[in-house]
Amino acid sequence: IAHSFAHQLGAAFHVPHGLACALVITHVMRYNAVKNPTRMGVFSQYMCPQSAERYASVARFVGLDACEVVRAGEGDDADDDAVNAFLVEALIDEVEALRERLGVPATLIAYFEEQQLAQKGTQVPITREAIAAKLDGLALAAFDDQCTGTNPRYPLISELKVLLECACFGDGIE
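Residues numbered from 1 in each chain as written. Predicted model: local features only at pLDDT ≥ 70, side-chain atom pairs only at ≥ 80, totals over all residues. Heavy atoms only, no water.

As a further point, take the packing of aromatic side chains. Applying the stated criterion across every chain, the model contains three aromatic pairs. Measuring from ring centre to ring centre gives 5.3 Å for tyrosine 111 and phenylalanine 112, while their planes differ by 55 degrees; the resulting arrangement is tilted. Exposure remark for tyrosine 111: the relative accessible area of 13% places this residue in the buried category. Take phenylalanine 112: its relative accessible area is 10%, and that puts it in the buried class. Taking 5.7 Å as the distance between ring centres and 65 degrees as the angle between the ring planes, the aromatic pair formed by phenylalanine 143 and tyrosine 154 counts as edge-to-face. In this pair, phenylalanine 143 is assigned in helix H7 (residues 128-144) and tyrosine 154 in the loop between H7 and helix H8 (157-169), connecting sequence segments 11 residues apart. Taken together, the aromatic side chains of Phe13, Tyr111 and Phe112 make up a single cluster linked through ring pairs. Here the basic side chain of arginine 128 rests over the ring of phenylalanine 169, its NZ or CZ set 4.1 Å away from the ring centre. (Phe/Tyr/Trp six-rings, centres within 6.5 Å; stacked < 30°, edge-to-face > 60°. Buried < 20%, exposed > 50% of the residue type's maximum accessible area, 1.4 Å probe, protein only. Helix = DSSP H or I, 4+ residues; strand = E, 2+ residues; numbered from the N terminus. Lys NZ or Arg CZ within 6 Å of the ring centre and 35° of its normal.)

A full pass over the atoms with the stated rule returns six salt bridges. Linking lysine 35 and aspartate 81 is a salt bridge whose minimum nitrogen-to-oxygen distance equals 3.8 Å. With lysine 35 in the loop between helix H2 (17-32) and helix H3 (51-61) and aspartate 81 in helix H5 (residues 80-101), this pair connects stretches of sequence that are 46 residues apart. Judged by its relative accessible area of 39%, lysine 35 is partly exposed. One salt bridge connects arginine 153 with glutamate 159, and the closest N-O pair in it is separated by 3.4 Å. Of the two residues, arginine 153 and glutamate 159, both sit in the buried class. Taken together, the shared-partner salt bridges in this structure form one network comprising Lys35, Glu53 and Asp81. (Salt bridge = Lys/Arg side-chain N within 4 Å of Asp/Glu carboxyl O.)

The following block contains the structure:
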């Protein structure tokens, strides 16, 4: 759904596709990494939620480990789900740190604020209210986007709107 969002943000606000992907990716990772999703993807290869395990595998590949889970009192019997959850968050932290090192804004509104400063007021500013007014339509369009069906967790439109709010304004989800 990261690309589904990027398609919509690009169409609505002329945001470059790669930037839009960077704005949404960690929110989408966290969304996909749940053990009991509201709905599952419709492809047969998704027998059960595996995103957390796959993200944990990527985290290990890039050198992250779950030693802190073991040191936190879970010992050698640390639950696989707890280890995976720790690794998913560690990977998300690394992706966010990379975004920061590259100078990519954390939210869509921050991007527009930076653009307004760079343009020295020559453009009409895009406000929080202007973005918020489009979120329902963007969520619906993202739901209908061709890429959404390939996401391992099949979203509800209301969930897509929450993820967009997070990417646009920085409000967190749990």
